[in-house]
Amino acid sequence: MAENEPTPQEHTLDNSLALLKDGYDFIFKRRREMDSDIFQTRLLGQKAICIGGKEAAELFYDTSKFQRSGAIPKRIQKSLFGENAIQTLDGDAHRHRKMLFMSLMSRERLDVFMELLAEEWEAAADRWAQLEELELFGESQELLHRAACRWAGVPVEEKTARQRANDMGDMVEAFGAVGPRHAAGRRARRRTEDWLEGYILDLRAGEVKAPEDTAAYAMAFHRDLQDRELDARMAAIELLNIVRPIVAIGRYVVFSAIALHEHPEYRAKLAADEGKYRQWFVQETRRYYPFTPFLGASVIHDFTWQGHEFEEGTMVLLDIYGTTHDPKLWEEPDTFKPERFEHWGGSPFDLIPQGGGDHRGGHRCAGEWLTIDAMAVSLEFLANRLEYEVPEQDLGLSLSRMPALPESRFVMKNVRRKRGAGALSGV
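Residues numbered from 1 in each chain as written. Predicted model: local features only at pLDDT ≥ 70, side-chain atom pairs only at ≥ 80, totals over all residues. Heavy atoms only, no water.

Peer 1: Got a minute to help me understand the sheet that holds strand β5 (residues 294-299) in this structure?
Peer 2: Through backbone hydrogen bonds, the strands of a sheet pair up, either in parallel or in antiparallel fashion. Reading across the sheet, the five strands line up as β1-β2-β8-β5-β3 and stay open at both edges, with mixed pairing between neighbours. Each having just a single partner strand, β1 (38-43) and β3 (66-67) make up the two edges of the open sheet. Bridge analysis of β1 against strand β2 (residues 46-52) gives six bridges, and the strand direction is antiparallel. Among the inter-strand pairings, Gln 40 is bridged to a residue of β2, identified as Ile 49. (Pairing = 2+ DSSP bridges. Helix = DSSP H or I, 4+ residues; strand = E, 2+ residues; numbered from the N terminus.)

See the structure below:
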């Protein structure tokens, strides 16, 4: 685009309804129509600049130009992230809080989580063998919830485990919804925050104990830049920001199951190697299936990028889904092809299903490594350690539904252990 050529614009009063209608494809569709990786529109009554692609992602994660403070709508904070949580912080406050989260993601602690997750898969397989039919989505949310709580130092009560897992799922359901789904997510968040705040207060009072290397202990006794403990509610919110995203991996478990069902030729390859192909399959599942639609930030100060003017305070949305399906970055982007990752360079700005940039200092998801490992463990069970039937059902994914999920939640029948499965390895 020429240096002084104006930014393409949609001449509408507001495009919020179109965003709900187009969902994941809202930005990418318009990028294709305008043949541009940047355009201006109006959302929620204000000007918004939408960008996509690798260079746009590099721009978006430049913390000298963009901030998250004020960019995440309150309705999303009140359902998904929690009010004033780490996702809303910038500068030194964000770096300090991010160090807390990253301290929980050591290789040693990740290995502990994978062991717990494998145990939960084994226990789930035993339960499922007694059932004629089950929905994988709800079951995987529960086993991930159980593993996440055990790892985070949060007690799991049998009578409430499924409801707690469903509440965390409802928070994720709420972010792209209006009406009953959004209201359910907000109610779920209040219930869960109340529960975890009570637990934080009990930890501080010494009435219960949690190991010092767990998230519960870390959040309960973390001190901010002013050397003060977090407010008990905020400590509960940040503890929830460890556990809830792990439960959300249940969507990737379903997507992995769909990919296995629709591409059975990959089963032999997954069984034959020692983890390499499994990692490719996991990364392709993250790239191919719709998870995060877009992310938002606001402009800190006026600047020009590739001839386009960005004014202070303007809302900017980065096209996550479109970037992971951009034909300029991915050959045959609408084809599920794990082999593409054999020679992938590992850029932090093209494979961005959970955000891009730097893990430690930036806003990239602190739990991305955990997600990848958890998907690998789950894929090993689905592909190599379980036998099951997939009855006739609609496994289609609508891009207008945020977050995406098949209506059937992936129904499985006659689940049983596969004889002769060896020890879990290569994760």
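That was the structure; now back to the text.
Peer 1: Explanation requested: the environment of Asp 319 in the structure shown.
Peer 2: When you line up the elements, Asp 319 lands in strand β8 (residues 315-319). Assessed through its relative accessible area of 0%, Asp 319 is described here as buried. C-alpha of Asp 319 to C-alpha of Ala 18: the two residues are 301 residues apart in sequence and 15 Å apart in space. Aside from chain neighbours lying at most four places away, what touches Asp 319 is Tyr 24, Ile 27, Phe 28, Arg 31, Ile 51, Gly 52, Pro 293 and Phe 294. (Buried < 20%, exposed > 50% of the residue type's maximum accessible area, 1.4 Å probe, protein only. Contact = heavy atoms within 4.5 Å.)

Peer 1: Sorry if this is basic, but what is going on with the pairing of β5 here?
Peer 2: Within a regular strand, the side chains alternate between the two sheet faces. Here β5 lies mainly inside the structure; six of its six residues are buried. Where β3 and β5 come together, two bridges link them in antiparallel fashion. Of the residues in β5, the one forming a bridge with Phe 66 is Val 299. As defined by bridge partners, β5 adjoins β8 across five bridges and the pair is classed as antiparallel. Along β8, the bridge assignment pairs Phe 294 with Asp 319.

Peer 1: Can you help me understand unusual backbone geometry in this one?
Peer 2: The phi angle of most residues is negative, glycine excepted, and most peptide bonds adopt the trans form. Along the chain, Met 402 connects to Pro 403 via a cis peptide bond; the corresponding omega equals -5°. Summarising the element assignment, Pro 403 is placed in the loop between β9 (386-389) and β10 (411-417). Unusually for a residue other than glycine, Asp 35 sits at a positive phi of about 50°. One can find Asp 35 in the loop between α2 (26-34) and β1.

Peer 1: How do you make sense of the pattern of salt bridges when you look at a structure like this?
Peer 2: Pairing of side chains with opposite charge becomes possible as their charged atoms draw close. Summed over the entire model, instances satisfying the criterion amount to 44 salt bridges. Residue Lys 269 is joined to Glu 339 by a salt bridge in which the shortest nitrogen-to-oxygen separation is 3.2 Å. Taken as a pair, Lys 269 in helix α12 (residues 266-272) and Glu 339 in the loop between α14 (320-323) and α15 (368-385) lie far apart in primary sequence, 70 residues in all. Overall, the relative accessible area of 38% leaves Lys 269 in the partly exposed class. Judged by its relative accessible area of 26%, Glu 339 is partly exposed. Note that Glu 284 and Arg 340 form a salt bridge whose closest N and O atoms lie 3.0 Å from each other. Separated by 56 residues along the polypeptide, Glu 284 in helix α13 (residues 276-288) and Arg 340 in the loop between α14 and α15 bring together distant segments of the chain. Here the residues in one salt-bridge network are Glu 122, Asp 126, Arg 278, Glu 380, Arg 385 and Arg 417, joined through shared partners. (Salt bridge = Lys/Arg side-chain N within 4 Å of Asp/Glu carboxyl O.)

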